[in-house]
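# Residue-level structure breakdown
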Amino acid sequence: MAAGATLSYSSYRTYLECPLRWKYLYLERRPELPRGYFTFGRVVHSVLEELLRPLVVPLARKRDGGEAQTTLHRWSDAPEAGVGAGPAPISEEAMLALYDRAWNSEGYTSPEEEERYRSLGRDLLTRYRARLARDPPRPVAVEEHLETRWDGIPVHGYIDRLDRTPAGGLEIVDYKTSRELSLEEAVSSDQLSLYQVLVEGNYREPVERLTLLHLRSLTPHQARPRGPRVLEPLHQRMGEVADGIREQAFEPTPGRHCARCDFREICPEFREIPAADGPRLASLVDRFGALRDEERRLEGELARTAAELHQAAEQLGLHRVPGSHAVAVRRKEVSWQYPLEAVRPLVERAAGPGRLTGESADDVRRLLRDPSLAPELRRKIAETGSRRLRWYWELEDRDASGP
Ligand code: SF4
């Protein structure tokens, strides 16, 4: 799987967080312990799928060659949703019976916790169904698996719900069973961005909205589709993840996320130290810590002494100060800084795009020496710069520095 891994959002996130955990999960396919909130989310998603399925009117998807598949029905041919003539969701009783059958007790920490989740699920599904009956959406797909190649990166994902909008576009809806959810999450969600790419790769209709639906409050948090400014950096990051997987770069990356990782027992970051080596290693760590403290103390003292020497040398106008064993020589380093946001428009207005080839001060200073630029332009560029001066001390051997 590693060579040409097809990335889902969760596999991408897992690799970013810890490549070794990705390897355990996706390459070695080691199971994780069940967790109640994941089990709960899966059960609720499966019931929602059944609840919505009667409302689905499929829409043609692109074929590989760009051809549209034959559409089974078109919304324009279907009875108008919401006016009582269209397909209806299953009854509340049937839905709750389905919920009971789908219920799974795996991963809850106590019977009380399980019962709390179970009654939460009943409550939110009942309210969701009532909303659905009053104001039915126009789904073209539920729990749909989509794949595409995103400029060379194979990606895939399951879309909870894909709706037709009144204007004829598409709305991607992702259900969230979490306690809290904000609009900001919908606006910045990489998961929704990836779903947009998947839908655009498979459907002809434009994506008009990206929605996170908070199931506990039935609040839709809606965001606009992403443009290149958001998608390009995500594509870049996903490309780096794909490269890392291809190159089998699976270094452990410990952090707070280790607290919920099921692989700590086999992870080298948490490997037990053999009893015989414990005392020796502990004393090395203690010595290392003490040296670090000493290093910090010396760094502070060094900076204060250099500053004091500098102040005295400034007052006396000196550059070389002899000590008992060495001579301290004061040196200066000059650097320039240019605000690119000011320089770039100046250059582009006067000389066209492409003249400023990099973003460093050296790139700007190269322009200042470029005889093909008008002197007036070079003067204006030079005026934006600020000069930085840094003094530092070097020690010379007293004998070597001579009389
Ligand atoms: S314990 Fe931490 S470092 Fe080790 S695999 Fe899990 S997440 Fe990665």
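Whatever comes next refers back to the structure up there.
First, a word on what this report is: a plain description of the structure on this page.

The rules behind the values
- Residues numbered from 1 in each chain as written.
- Predicted model: local features only at pLDDT ≥ 70, side-chain atom pairs only at ≥ 80, totals over all residues.
- Heavy atoms only, no water.
- Near = heavy atom within 4 Å.
- 1 Å grid on protein atoms, 1.4 Å probe; cavity = no way out; pocket = protein on both sides within 12 Å on 5 of 7 lines; lining within 4 Å.
- Sits in = over half its atoms within 2 Å of the grid points.
- Nonpolar A, V, L, I, M, F, W, Y, C, P; charged D, E, K, R; others polar.
- Phe/Tyr/Trp six-rings, centres within 6.5 Å; stacked < 30°, edge-to-face > 60°.
- Helix = DSSP H or I, 4+ residues; strand = E, 2+ residues; numbered from the N terminus.
- Buried < 20%, exposed > 50% of the residue type's maximum accessible area, 1.4 Å probe, protein only.
- Lys NZ or Arg CZ within 6 Å of the ring centre and 35° of its normal.
- Points joined across faces, edges and corners; volume = space filled by probe spheres on them.
- Salt bridge = Lys/Arg side-chain N within 4 Å of Asp/Glu carboxyl O.

## Here we look at the site of the ligand
Taken together, Cys18, Arg21, Pro252, Thr253, Pro254, His257, Cys258, Cys261, Arg264, Cys267 and Phe270 are the residues near the ligand. Under a 2 Å grid-point criterion requiring more than half of the atoms, the pocket assigned to the ligand is the largest cavity. For the shell around the ligand, the residue count by class is seven nonpolar, two polar and two charged.

## A look at the packing of aromatic side chains
By the definition in use, this model includes 13 aromatic pairs. Each ring, one from Phe40 and one from Tyr117, has its centre 5.0 Å from the other, and the planes form 55 degrees; the classification is tilted. Taken as a pair, Phe40 in helix α3 (residues 36-52) and Tyr117 in helix α5 (residues 111-134) lie far apart in primary sequence, 77 residues in all. Judged by its relative accessible area of 1%, Phe40 is buried. Given a relative accessible area of 16%, Tyr117 falls into the buried group. Between Tyr128 and Tyr175 the ring centres are 6.1 Å apart and the planes differ by 90 degrees, which places this aromatic pair in the edge-to-face class. One end of the pair, Tyr128, is in helix α5; the other, Tyr175, is in strand β3 (residues 170-176), and 47 residues separate them in sequence. We classify Tyr128 as buried; its relative accessible area is 4%. Of the aromatic side chains, those joined through ring pairs into one cluster are Phe40, Tyr99, Trp103, Tyr108 and Tyr117. The residue whose ring lies beneath Arg330 is Trp391, and the NZ or CZ to ring-centre distance is 4.3 Å.

## Quick notes on the layout of surface pockets
The space that makes up the largest pocket amounts to roughly 2,000 Å³. If you go around the largest pocket, you meet 42 residues; those closest to its centre are Tyr9, Ser10, Phe38, Lys176 and Gln191. For the lining of the largest pocket, the elements supplying multiple residues, two or more each, are α1 (9-17), α2 (19-27), α3, β2 (153-164), β3 and α7 (190-202). No other element matches the six residues that α3 contributes to the lining of the largest pocket. Residue composition of the lining of the largest pocket, grouped by class: 15 nonpolar, twelve polar and 15 charged. For the second largest pocket, the calculated volume is near 450 Å³. Asp135, Pro137, Arg161, Asp163 and Glu171 are the residues nearest the centre of the second largest pocket, which is lined by 21 residues in total. Secondary structure elements with two or more residues in the lining of the second largest pocket: α5, β2, β3, β4 (207-214) and β5 (219-223).

## Quick look at the pattern of salt bridges
This model, assessed by the stated rule, comprises 29 salt bridges. We note a salt bridge from Glu333 to Arg390, for which the minimum N-O separation is 3.3 Å. Placement of the pair is Glu333 in strand β7 (residues 326-337) and Arg390 in strand β8 (residues 386-397), with a sequence separation of 57 residues. Given a relative accessible area of 38%, Glu333 falls into the partly exposed group. Across the pair Arg355 and Asp370 runs a salt bridge whose closest N-O atoms are separated by 3.0 Å. Pair noted here: Arg355 is in the loop between α10 (340-351) and α11 (361-368) and Asp370 is in the loop between α11 and α12 (375-384), with a separation of 15 residues, a long-range link. Judged by its relative accessible area of 28%, Arg355 falls in the partly exposed class.

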